[in-house]
Amino acid sequence: MSAGIDLENVCCDFGTFRAVDNANVSIKPGEFFSFLGPSGCGKTTILRMVSGFIEPTEGVIRIGGKDVKGQRPNQRPTALIFQNLALFPLMPIWENISFGLEVRGVDKATRRAKAEELLKLVDLPGAGDKMVSQLSGGQKQRVAIARALAVEPSVMLLDEPLSALDLKLRQHMRAELRAIQRRTGVTFIYITHDQGEALAMSDRVGVMSQGRIQQIADPREIYNNPVNGFVASFVGENNIFEGEVQTAASGMASFSTPHGTFRARLGDLGDKKHAKLYVRPEHTLLSTAATVENAVLVTIGDVSFEGNFIAVHASTESGAHLTSEIRNDGSATVPEKGARMFMSFDPARASILPDANVRA
Ligand SMILES: Nc1ncnc2c1ncn2[C@@H]1O[C@H](COP(=O)(O)OP(=O)(O)OP(=O)(O)O)[C@@H](O)[C@H]1O
Ligand SMILES: [Mg+2]
């Protein structure tokens, strides 16, 4: 009941503008795969090509191993869910859900039974006779998902389906969506510009920038081992030092910057020496002694209490801004504003990375 999707060298041009540039990805049957990236990076264009609303300018798309070139949207085993749901306000919920079956000539009793089964699946048992206007935003979203599932697609395509909901509901719906995906086993391709959503729900994430897929990996790998500066900065926070690679051996390099020379993991810079070093605020330590390596003298600035962690803002001698995050374990000591301390980081938790993979 689920199918894999392969994109091979897929490009999409709008006139002279290339919206998707050489996308290559193999999404497995039953996988929850997200495309994550900022506005305009080409996410929706990829979904529209998979669903058949537009054809790639170049390249091949396979669904369940079959090239779908020339197949219209209604001939593909896909269902698309948009940001605005377009439920029919004058139909009760159960008819909304089974509408696609009515179009296919399925009889009323079967449609009603199928609608009830899907309402249970999306945790709205017994809501079939309600009207759309009686539902909350999250409930409407679940009806839209039930409606898409009614036609038994092998692939669900979801284009920022939670963006209209408030934060609490969005977080709740993350878990719901993931649970629905697990229960059905249908392949989900999920589009979002919200890194938290992508990391929390997905088996794998494809991070995009300017039409190019930058990295495809599971959420931990994306967060812990970003391949370039774009992925590192788009997913999570960083302290960034610009500098030059001095010497390198077995994946580690010595890197000179205006703030000192640091040791860090070396990413794929090609033959470049000039690059940036990225280290996450939660991977830094503040101490009063410079006995450790990779230490920078800083003056403590604003300290903000965020609940589960404490963000400490600090500046270097030359005025660069750095941030350290201390986990709030209930007894963490918080540095005084104005104190002079050393911010340090483990070489294994810092990476020297190239910038984004973009067109020249
Ligand atoms: N029909 C079209 N004609 C011309 N340009 C288009 C068309 N559709 C999309 N584009 C352009 O292609 C690029 C990618 O658009 P797309 O809708 O895929 O972005 P997105 O990643 O989904 O962004 P958002 O997060 O804002 O929805 C954008 O620069 C957009 O302006
Ligand atoms: Mg979009």
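What counts, and where the lines are drawn
Here the residue index of a chain counts from 1 through its sequence in written order. Labels are handed out in written order, letters beginning with A for the chains and numbers beginning with 1 for the ligands. With pLDDT at 70 or above as the cut-off, local features in this predicted model cover only qualifying residues; side-chain atom pairs require 80 or more to be listed or tallied, and sums for whole chains, interfaces and linings still use all residues. Domain extents, as shown, originate in an automatic or database domain assignment. C-beta atoms are first placed from the backbone for all residues, and any pair lying within 7 Å is then listed as a contact. When residues are sorted by character, Ala, Val, Leu, Ile, Met, Phe, Trp, Tyr, Cys and Pro go into the nonpolar class, Asp, Glu, Lys and Arg into the charged class, and all the rest, Gly among them, into the polar class. We call a residue near a molecule or strand if the C-beta atom, set from the backbone, is within 6 Å of it. Here a helix means four or more residues in a row that DSSP labels H or I, a strand means two or more in a row labelled E, and each is numbered from the N terminus. Whether a residue is buried, exposed or partly exposed follows from its count of other C-beta atoms within 10 Å of its own C-beta, namely 20 or more, 12 or fewer, or something in between, respectively; the C-beta atoms are built from the backbone. Pairing between two strands requires that DSSP report at least two bridges joining them. Axis angles are defined between N-to-C directions and span 0 to 180 degrees, where every axis is a line fitted to C-alpha atoms and, for a helix, only to the segment in contact. By convention the nonpolar core is taken to be a set of buried residues drawn from Ala, Val, Leu, Ile, Met, Phe, Trp, Tyr and Cys and joined through C-beta atoms within 7 Å.

Here we take up the domain arrangement of the chain. The assigned domain composition of the chain is domain 1 (5–229) and domain 2 (238–353). A straight line from the C-alpha centre of domain 1 to that of domain 2 covers 39 Å. Taken together, the contact pairs four residues of domain 1 with four residues of domain 2. Each residue belonging to the side of domain 1 that touches domain 2 can be placed in one class, and the counts come to two nonpolar, two polar and no charged.

So, on to the site of ligand 1. Close to ligand 1 lie Phe14, Phe17, Ala19, Gly37, Ser39, Gly40, Cys41, Gly42, Lys43, Thr44, Thr45 and His193, which account for all nearby residues. Sorting the residues of the shell around ligand 1 by element identifies β2 (17–27) and α1 (43–51) as the ones contributing at least two each. Of all the elements, α1 adds the most residues to the shell around ligand 1, at three residues. Residue composition of the shell around ligand 1, grouped by class: four nonpolar, seven polar and one charged.

Within the fold, lysine 168 resides in helix α5 (residues 167–184). Since 9 C-beta atoms lie within 10 Å of it, lysine 168 is described here as exposed. C-alpha of lysine 168 to C-alpha of glycine 251: the two residues are 83 residues apart in sequence and 42 Å apart in space.

Turning our eyes to something else, we now look at the environment of arginine 340. Looking at the secondary structure, you find arginine 340 in strand β19 (residues 340–345). Exposure remark for arginine 340: the 12 C-beta atoms within 10 Å place this residue in the exposed category. A C-alpha to C-alpha distance of 9.8 Å links arginine 340 and glycine 301, two positions 39 residues apart in sequence. Each residue touching arginine 340, except ones within four places of it in the same chain, is listed here: Leu297 and Thr299.

Sheet strands line up and pair through hydrogen bonds in the backbone, either parallel or antiparallel. Read across the sheet, five strands follow the order β15-β19-β16-β17-β18 without closing on themselves; strand pairing throughout is antiparallel. Looking at strand neighbours, the two that pair on one side only are β15 (284–287) and β18 (321–327), the edges of this open sheet. The average angle at which neighbouring strand axes cross in this sheet is 45°, direction not considered. Here strand β17 (residues 309–316) pairs with β18 via seven bridges, running antiparallel. Residue pairing for β18: alanine 311 is matched across the bridge by glutamate 325.

We now examine the nonpolar core. Among soluble globular proteins, nonpolar side chains are generally buried collectively. Ala146, Met156, Leu157, Ile189 and Leu277 are the most contacted members of the largest nonpolar core, which totals 79 residues. For this core, the element with the most residues is helix α4 (residues 137–150), which contributes seven residues. Both of domain 1 (5–229) and domain 2 (238–353) provide at least three residues apiece to this core. In this structure isoleucine 189 touches Ile5, Ile27, Phe33, Leu47, Val50, Val155 and Leu157, once residues within four positions along its chain are discounted. Counting nine residues, the second-largest nonpolar core is a separate cluster that includes Val298, Ile300, Val312 and Met341.

Summarising the sheet, strand β16 (residues 295–305) and β19 pair through five bridges and their orientation is antiparallel. Counted as the bridge partner of threonine 299 is arginine 340 from β19. Between β16 and the antiparallel strand that follows it, β17, lie three residues; glycine 307 among them carries a positive phi value of about 95°.

A positive phi angle, near 50°, is found at glutamate 152, a position not held by glycine. Position of glutamate 152 relative to the elements: it lies in the loop between α4 and β7 (155–159). One non-glycine residue, glutamine 210, adopts positive backbone phi at about 45°. By secondary structure assignment, the location of glutamine 210 is in the loop between β9 (204–209) and β10 (212–217).

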